[in-house]
Amino acid sequence: MEHQGDSSSSRTNAQHSKKARRTMGHTVQVAVATLNQWAMDFEGNVERILLSIRLAAANGATYRTGPELEVSGYSCEDHFHEPDTYMHCWEALVEIIQSPCCPPGMLIDVGMPVQHRNVAYNCRVAFHNGRVVLIRPKMTMCDDGNYRETRWFSPWTKERQTEEYQLPRFAAQALGQETAPIGDAVIATLDTCLGYEICEELWNPRSKHIDMSLAGVEIIVNGSGSYMQLRKAHITADLIRNASYKAGGAYLFSNMRGCDGQRVYFNGCSAIALNGSIIARGRQFALSEVEVTVGSFDLHDIRAYRGALRSRSSVAASAPAYPRVQLQLELAASDRDHPGTPASSPLGEWVYHRPEEEIALGPACWLWDYLRRSGQGGFFLPLSGGVDSSSTAIIVHSMCRLVVEAIGQGDRQVRDDCRKILADPEYVPASAAELCGRLLFTCYMGTENSSRETRQRAAALAAQIGSSHQDIGIDGAVSALLGIFQLATGMRPRFRAAGGCPRQNLALQNIQARTRMVLAYLFAQLMLWVRQRPGGLLVLGSANVDEALRGYMTKYDCSSADVNPIGGISKMDLRRFLAYAQVEFGLPIVAEIVAAPPTAELEPLVDGAIAQTDEEDMGLTYQELSEFGRLRKQAFCGPFSMFCKLAAAAVADGNRSPREVADRVKHFFRCYAINRHKMTVLTPSYHAESYSPDDNRFDHRPFLYRANWTWQFRAIDAELELLAKHQARLEEERAKDGAAAGGGVAPNGAGSSSEPAFFAAGGNGGGGHMTTATSAYQLVRQSSGLYLTGVGGGGGGGVGTGGADGPGQLTVGLTKSHSSGGYSRMHSSVLGKIKDRTGVPV
Ligand SMILES: Nc1ncnc2c1ncn2[C@@H]1O[C@H](COP(=O)(O)OP(=O)(O)OC[C@H]2O[C@@H]([n+]3cccc(C(=O)O)c3)[C@H](O)[C@@H]2O)[C@@H](O)[C@H]1O
Ligand SMILES: Nc1ncnc2c1ncn2[C@@H]1O[C@H](COP(=O)(O)OP(=O)(O)OP(=O)(O)O)[C@@H](O)[C@H]1O
Ligand SMILES: NC(=O)CC[C@H](N)C(=O)O
């Protein structure tokens, strides 16, 4: 099926084609736009789209594409259920199509939601010379991480088929066009062919670019809404490079950038690749709202590259065709139009930001978007002089550096936003520190438990970054609150050091922490009044991702803020960031902040020194929390699997016994379970970490748990018993065979290698087979060597039984261990309970 998508192309274009036929060029100049859109801000979104079209045209591009859902903004979420959203998108589209910013002859597409026959799709809408030429719906939705696309959109499932889309009445009248093709089609121009895969379609194993490129589509266009996560930027670049390397052709990747109203920060990095090399790319982090990246390539280079890929050509020869929308248009500029337009050369190596730079830049840009869009006048931060609140303060300072730099480079949008925030229409910042003094208000809120060192560190950091700093005491407020309690109950809690029980000790800590939160909001509301400036300040939070995971924070203390730039970042990464900032931003005090042991300073000092450290309090190190966090979320480990993996590693390293590992895993899960409720009120945090426990979108789990995990912990105990038995048997074997055995046996027990046999395929005595199924249970034995050495030396090869089990022995071993250990104990107690309740023996 072919569509004459441009049958009524304008006179200008017809003349252009005639001329081009005489002086045909092969170099196509294209533009990918990176836009900082804002969900539901149709006004601003249209302006930014038009600006990008204008810039693309000014740079000689004949084709412009942009990010996913750029008309509405990506993060509209349940607004995608509202008919208004679709209507406003069409209104915006008509405005864009009819704008004088769109030059005649230019092929343009925008991303927006479209409802067709009562089904909502996430689409690219391509237009040319005032007409919609194709609506291409997304065919593979994204639902992982923070994405929830199938909640609003359906994938287009009719492969290589189109239907007629009926334009809304007002749009049809405005454009003089009743229908447009919608579906899985491509656009054929007079000189090349172009097709779409939208964001996730590139990430999916059945990427659409494969079939399209085999069917002769030379330019693949991807409009994306891909958000930042630490250490992720290289993935998109690799995917684009690989797609165009394997399939040949040009790959145009256009991404959103910035905070469009949610916790995520879209990652920029728009790029153009040709035949496996990146030829143009945009920035990952920046304050500019519109960035247009232009690249040019020779269509003959695509044909030569593909033709030389012989295996590709033979597959392509039988590839099914796509419906093509035919346009009377040449994308390649004629030589006379753009004499000497050179094809872009491959860029050198793509240098990615290190994680510490990503922390310095990403949250800073996100905060800028949040601040200017919230209409507030700056930030208020309770600054303790510890790693976390210092990191937050330095991120604001980094934001100020970016603002000053952008204004210096002539970014008028940033300058105007800055003036609006500060309510000063003439303002030009003198330096980052000077701007910081106006935007960031820090406050040390000391108690009798605060040390001189932290107080001084907070003051020194404030002086070095330039924030407006105050040092206040809050003991009066704390004792007033305790006084009320005492008046009401006649009791006054005491610290542990003064003979109080843990409950009293904890309550006395939490009242200090919560009082700080109340004061933080008071100061945030009134500090600009004190300075005779309008508006208020946003309260910043500083709880890191590990504290959230472990629940090591007081609910509704200073962790409850308006926004938290470090809530998705681990303590380990924050330390890296601080080391980087110390040098990069010239902040010598940071060395002391990093070196000090993290402490809450909520318990009395002992002889004037800190008596409480975070890691001791938590019973876990920050490094362990990162490891547990990754296993829980990224590796999808429950307590049992986490134990198995960590025990295997610990035994291999010889640094911990399985029992110690079991104790720590159980402690972690207990703490996680009793504190999970805190995640329901977690301050909105910049999303950066793939193991974030954020309950809002990213990590959907219950918040009421059976915190002693009886069933799961019993499985760990059974496993411990099993390992102990193996250990005992191993020692027995060693004692028996001693040096004569010369170590373990080779695979299949056939040799006498001095290495413990690792991939044993069955003990010689028992004939058991190690199947390819590698459960976590098997891995424990593999990496600890316990199972395999036992197999070889003992000649029995049974697991858990020491007998001559046959195939499948591992499973049998597991079952036996459970029934001999925890499971049978539990089982009899259940039977007892049932009997008690029913009176009937079971
Ligand atoms: N399942 C559940 N669903 C809903 N709510 C639940 C709940 N379980 C307890 N609760 C409630 O939660 C409240 C207890 O939580 P909360 O008041 O936060 O108190 P809690 O978690 O008991 O104690 C605060 C923890 O944070 C530590 N801390 C304190 C201060 C600073 C720092 C630091 O970051 O350096 C750490 C402190 O050592 C302690 O471990 C109670 O009201 C309790 O009834
Ligand atoms: N003495 C203090 N002055 C001002 N704010 C404080 C003080 N103590 C704690 N806070 C605030 O409460 C937050 C949580 O306190 P907590 O003691 O848990 O610190 P933390 O999470 O370890 O962070 P940090 O590394 O900044 O101390 C801090 O990040 C900080 O914003
Ligand atoms: N919007 C999307 O389809 C997202 C795709 C992809 N998984 C990403 O993280 O970028």
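Residues numbered from 1 in each chain as written. Chains lettered and ligands numbered in written order. Predicted model: local features only at pLDDT ≥ 70, side-chain atom pairs only at ≥ 80, totals over all residues.

Describing the overall build of the protein
Next, step 1: Helix and strand content of the protein: 28 helices and 22 strands.
Next, step 2: Residues counted as buried form 49% of the 842 residues belonging to the protein.
Next, step 3: For the protein, long-range pairs separated by at least 24 residues make up 72% of all intrachain contacts whose partners lie at least 6 apart in sequence. (Helix = DSSP H or I, 4+ residues; strand = E, 2+ residues; numbered from the N terminus. Buried ≥ 20, exposed ≤ 12 C-beta atoms within 10 Å, placed from the backbone. Contact = placed C-beta atoms within 7 Å.)

Considering the domain arrangement of the protein
Next, step 1: Taken domain by domain, the protein consists of domain 1 (27-341), domain 2 (357-597) and domain 3 (613-730).
Next, step 2: Relative to domain 3, the C-alpha centre of domain 1 lies at a distance of 43 Å.
Next, step 3: Contact residues are listed per partner, giving 9 residues for domain 1 and 9 residues for domain 3.
Next, step 4: Residue composition of the side of domain 1 that touches domain 3, by class: 5 nonpolar, 3 polar and 1 charged. (Domains from an automatic or database assignment. Nonpolar A, V, L, I, M, F, W, Y, C, P; charged D, E, K, R; others polar.)

With respect to the sheet that holds strand β19 (residues 379-382)
Next, step 1: Reading across the sheet, the 4 strands line up as β21-β20-β19-β22 and stay open at both edges, with parallel pairing between neighbours. Every interior strand has two partners, whereas the edge strands, β21 (468-473) and β22 (538-539), have only one.
Next, step 2: Where β19 meets strand β20 (residues 440-446), 4 bridges bridge the pair, whose relative direction is parallel. Counted as the bridge partner of Pro382 is Cys443 from β20.
Next, step 3: Running over the sheet, helix α14 (residues 452-465) touches β20 and β21 and is turned about 170° from β20. (Pairing = 2+ DSSP bridges. Axes fitted to C-alpha atoms, helices over the stretch in contact; angles between N-to-C directions.)

Describing the site of ligand 2
Next, step 1: Near ligand 2, the surroundings consist of 21 residues, among which Pro382, Gly386, Asp388, Ser389 and Cys558 are the closest.
Next, step 2: Breaking the shell around ligand 2 down by element, the ones donating at least two residues are α11 (387-408) and β20.
Next, step 3: In terms of residue class, the shell around ligand 2 is built from 10 nonpolar, 7 polar and 4 charged. (Near = placed C-beta within 6 Å.)

Examining the pairing of strand β8 (residues 179-183)
Next, step 1: Here β8 lies mainly inside the structure; 4 of its 5 residues are buried.
Next, step 2: The pairing of strand β7 (residues 162-166) with β8 spans 5 bridges and is classified as antiparallel. Within β8, the residue paired with Thr162 across the bridge is Gly183.

A short note on the site of ligand 3
Next, step 1: Around ligand 3, the neighbouring residues are Glu68, Cys142, Tyr147, Cys199, Glu200, Trp203, Ser224, Gly225 and Ser226.
Next, step 2: Here the residues of the shell around ligand 3 sort into 4 nonpolar, 3 polar and 2 charged.

A word on the environment of Leu722
Next, step 1: With respect to the helices and strands, the residue Leu722 is situated in helix α24 (residues 710-741).
Next, step 2: Assessed through the 25 C-beta atoms surrounding it within 10 Å, Leu722 is described here as buried.
Next, step 3: Sequence-wise, Leu722 and Gln456 are 266 residues apart; in three dimensions their C-alpha atoms are separated by 54 Å.

Examining the environment of Pro168
Next, step 1: Along the chain, Pro168 turns up in the loop between β7 and α4 (169-175).
Next, step 2: Using a count of 18 C-beta atoms within 10 Å as the deciding quantity, one classes Pro168 as partly exposed.
Next, step 3: Excluding its chain neighbours within four sequence positions, the residues that come into contact with Pro168 are Met87 and Trp90.

Digging into the environment of Tyr63
Next, step 1: For Tyr63, the position within the fold is in strand β3 (residues 63-65).
Next, step 2: Accessibility expressed as a C-beta count within 10 Å gives 25 for Tyr63, which makes it buried.
Next, step 3: For the pair Tyr63 and Val294, spaced 231 residues apart in sequence, the C-alpha to C-alpha distance is 9.8 Å.
Next, step 4: Sequence-distant contacts of Tyr63, that is, excluding residues within four places in its chain, are made with Val30, Ala31, Leu107 and Leu331.

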